[in-house]
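Structural features, examined
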Amino acid sequence: MDRGRALGRRLTRQDFLLLSAGAGAGLVLAGCGGGPQSNPAVQQGQSAGSGKAYNGPKVDLAFWNGFTGGDGPVMRQMVEEFSAQEKNINVTMNTVEWPSYYQKVPAAVSSGEGPDVGIMHIDTVPTNAARQVIIPLDDVANALKLKEGDFFPIVWKAGIYNGKRYGIPLDVHPFGFFYNKDVMEKGGLDPNKPPQTKDEFMGALEQLKGKGIEGFWVPTIPPGGTWIFEALLWQYGGELYNEDVTEATWNSDAGVDALTWLVDIIKQGYSPKNVGEEAELIAFQNNKNAFYWSGIWNINPLKDAGVNYGAVPLPQIGSEKATWANSHNFVIPNKRGQDPNKIAAAKVFINWVTSNSAEWAEAGQVPARDSARESAAFQALELQNKIAQQLPYVHFPPPVPGIGDVQIQALDPAVNEALLLKKEPKAALDEAASQANQLLKENRQKYQA
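It should be emphasised that the depicted structure is a prediction, and the values quoted were computed from it without experimental measurement. (Residues numbered from 1 in each chain as written. Predicted model: local features only at pLDDT ≥ 70, side-chain atom pairs only at ≥ 80, totals over all residues. Heavy atoms only, no water.)

**A look at the sheet that holds strand E6 (residues 168-169)**
Paired through their backbone hydrogen bonds, the strands of a sheet run either parallel or antiparallel. Here five strands make up an open sheet; going across it, the order is E2-E1-E3-E11-E6 and the pairing mixed. In this open sheet, the two edge strands, each paired with only one partner strand, are strand E2 (89-95) and E6. Taken together, the seven bridges between strand E1 (residues 59-65) and E2 define a ladder with parallel strand orientation. Within E2, the residue paired with Trp64 across the bridge is Asn94. Where helix H5 (residues 98-111) meets the sheet, it contacts E1, strand E3 (117-121) and strand E11 (328-331), and its direction lies at approximately 130° from that of E3. Strands in contact with helix H15 (residues 340-355) are E1, E2, E3, E6 and E11; relative to E1, the strand with the most contacts, it is inclined by about 55°. (Pairing = 2+ DSSP bridges. Helix = DSSP H or I, 4+ residues; strand = E, 2+ residues; numbered from the N terminus. Contact = heavy atoms within 4.5 Å. Axes fitted to C-alpha atoms, helices over the stretch in contact; angles between N-to-C directions.)

**Some thoughts on the packing of aromatic side chains**
Under the criterion given, the structure shown has 31 aromatic pairs. A ring pair is formed by Tyr161 and Tyr166, whose centres lie 6.3 Å apart and whose planes are at 55°; its orientation type is tilted. Aromatic side chains Phe175 and Trp324 sit 5.4 Å apart centroid to centroid with 75° between the ring planes, which places their arrangement in the edge-to-face category. With Phe175 in strand E7 (residues 171-180) and Trp324 in strand E10 (residues 323-326), the pair connects residues that are 149 residues apart, well separated along the chain. Here the two residues Phe175 and Trp324 agree in accessibility, since each one is buried. (Phe/Tyr/Trp six-rings, centres within 6.5 Å; stacked < 30°, edge-to-face > 60°. Buried < 20%, exposed > 50% of the residue type's maximum accessible area, 1.4 Å probe, protein only.)

**Things to note about the pattern of salt bridges**
For the structure on display, the rule yields 11 salt bridges. Salt-bridge contacts for Asp139 lead to Lys347; the nearest nitrogen and oxygen are separated by 3.3 Å. Remark: Lys347 occurs in helix H15 and Asp139 occurs in helix H7 (residues 138-143); sequence separation between them is 208 residues. (Salt bridge = Lys/Arg side-chain N within 4 Å of Asp/Glu carboxyl O.)

**Structural notes on helix H11 (residues 224-235)**
For H11, built from 12 residues, the straight-helix expectation of 16 Å at 1.5 Å per residue is met to within 8% by its first-to-last C-alpha distance of 17 Å. Burial of H11 is extensive: 12 of the 12 residues sit out of reach of the surface. If you check which residues of H11 are buried, you get Gly224, Gly225, Thr226, Trp227, Ile228, Phe229, Glu230, Ala231, Leu232, Leu233, Trp234 and Gln235. Just past H11, the residue Gly237 takes up positive phi, approximately 90°. (Expected span 1.5 Å × (residues − 1).)

**Observations regarding the packing of H11 against helix H20 (residues 403-419)**
One way to put it is that H11 packs onto H20 with a least axis distance of 9 Å and a crossing angle of 90°. It follows that H11 is roughly perpendicular to H20 by the angle criterion. Every residue of H20 that contacts H11 at Gly225, Thr226, Trp227, Phe229 and Glu230 is listed here: Gln407, Leu411, Asp412, Val415 and Leu419. Taken together, the residues of the contact of H11 with H20 break down into five nonpolar, three polar and two charged. (Parallel < 35°, antiparallel > 145°, perpendicular 65-115°, else oblique. Nonpolar A, V, L, I, M, F, W, Y, C, P; charged D, E, K, R; others polar.)

**Some thoughts on the environment of Ile387**
You can see Ile387 is positioned in helix H19 (residues 382-388). Considering only alpha carbons, one finds Ile387 and Gln365, 22 residues apart in sequence, at a separation of 9.4 Å. The contacts of Ile387, once residues within four sequence positions are left out, are Pro174, Phe175, Gly176, Phe178, Ile296, Ile299, Ala311 and Val312.

**Quick word on the nonpolar core**
One finds Phe63, Met75, Phe330 and Phe349 to be the most contacted residues of the largest nonpolar core, which totals 82 residues. Of all the elements, H15 adds the most residues to this core, at nine residues. Not counting the four nearest positions on each side in its chain, Phe349 is found in contact with Leu61, Phe63, Val79, Phe82, Val91, Val117 and Phe330. Grouped together as the second largest cluster of nonpolar side chains are 59 residues, Ile213, Phe229, Ile265 and Ala322 included. (Core = buried A, V, L, I, M, F, W, Y, C linked by side-chain atoms within 4.5 Å.)

**With respect to the packing of H20 against helix H21 (residues 425-446)**
Following both chains from N to C, one finds H20 and H21 inclined at 170°, their axes separated by 9 Å at the closest point. Between H20 and H21, the angle is such that the two are roughly antiparallel. Across the interface between the two elements, Ile403, Val406, Gln409, Ala410, Leu411, Ala414 and Ala418 from H20 touch Pro425, Ala428, Leu429, Ala432, Gln435, Ala436, Leu439, Leu440 and Asn443 from H21. Among the residues making up the contact of H20 with H21, the classes are represented as 13 nonpolar, three polar and no charged.

**Remarks on the environment of Arg444**
One can find Arg444 in helix H21. Take Arg444: its relative accessible area is 32%, and that puts it in the partly exposed class. On a C-alpha basis, the gap between Arg444 and Thr246 in space is 8.8 Å, while along the polypeptide they are 198 residues apart.

Dropping the structure here:
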């Protein structure tokens with residue numbers, strides 16, 4: 001594992017391609033196993049247990065996730081804490097790199113050897129639901145008496161596909177604005193006043209440029225550049241897709257303005273050209289880059305690297321406040337031969353972890369449950385709280401099967417070519433939108449959605 005990935009835990013371009021290919025291959029296998037309705041054990045398990053306590057026989061729960069970075073030890077500690085207090089539930093945690101995880105889970109579920117409970121990103125939930133890899137969790141939510149009022153609305157609604165809930169949200173991880181205080185001071189800026197408006201941001205870049213500092217390194221390799229573009233698109237008032245997600249709309253005036261602004265950062269010399277994989281992160285760590293737009297998950301890695309930095313919401317470049325975000329959700333696989341007692345125990349485990357997710361926030365996350373965010377433990381996490389201020393205006397991809405493939409195959413290459421100055425923003429986005437529309441049509445047939 002290279003240094004950048006070890007610190008940032010950002011999925012690389014290769015990771016995303018593997019994830020996409022693995023999902024397409026593995027999900028077909030899982031789909032052959034039959035839906036939840038054909039699984040008697042799952043049906044029985046759905047009515048078993050309140051989720052508040054487990055009174056059945058001793059069970060061992062296999063819990064799979066992709067927390068292989070700095071977040072892994074935090075989750076492992078929580079798992080051990082839970083198992084220690086539950087005499088009849090022992091949870092064994094198995095971590096796999098996310099791309100491999102999304103390949104392995106569907107195939108394992110199909111053979112009856114998969115996890116009893118797992119984690120999935122919110123943009124992968126619809127695809128796995130459509131392929132019957134995971135089961136609906138409305139009964140879990142009802143048993144635990146969870147409702148929209150217990151969560152921030154957007155993250156609660158994002159776990160629903162085709163009118164059924166498939167994910168119980170654990171967290172939200174938005175993009176934030178990381179600023180290197182030492183570099184700002186070197187450039188004559190106040191290290192305690194990060195720019196928060198377009199004028200302030202551009203003024204800061206100009207001042208840094210005057211000191212010979214390229215202040216905002218724009219990543220050209222997906223997905224980093226794409227996520228920044230999406231945040232800007234929403235800030236400019238645009239959307240990725242139309243309301244029924246049958247057409248891509250990222251080539252609107254808002255999209256062109258957003259990508260043009262980002263390209264101009266490079267053209268005007270505020271960023272180096274051709275910023276490679278994780279180069280902006282390494283530059284930030286080495287005091288060569290003042291401003292770094294990335295995920296909240298970088299809080300601890302940057303601390304561990306000894307960077308003198310702060311973190312706040314993204315600057316508002318367009319007419320609206322907005323940022324890109326994703327979310328980890330608990331899921332229960334549609335595993336053949338699943339023991340109803342394990343499903344009942346999984347409810348208790350999910351409830352306990354989400355209730356205690358202020359502890360999970362220490363890994364660099366924002367708890368999805370209001371009670372955890374409002375706790376004194378979370379309030380004590382300064383940087384997480386600052387980035388969490390963006391929750392009222394975070395955006396997720398739409399809950400449509402195969403939506404990740406559309407980004408990888410259409411939008412990622414377009415943003416990449418524009419940021420490499422190979423194509424003008426409008427031409428790149430127009431071409432990508434046309435390709436995306438065909439992919440969306442194919443996905444509706446493929447997933448029968």
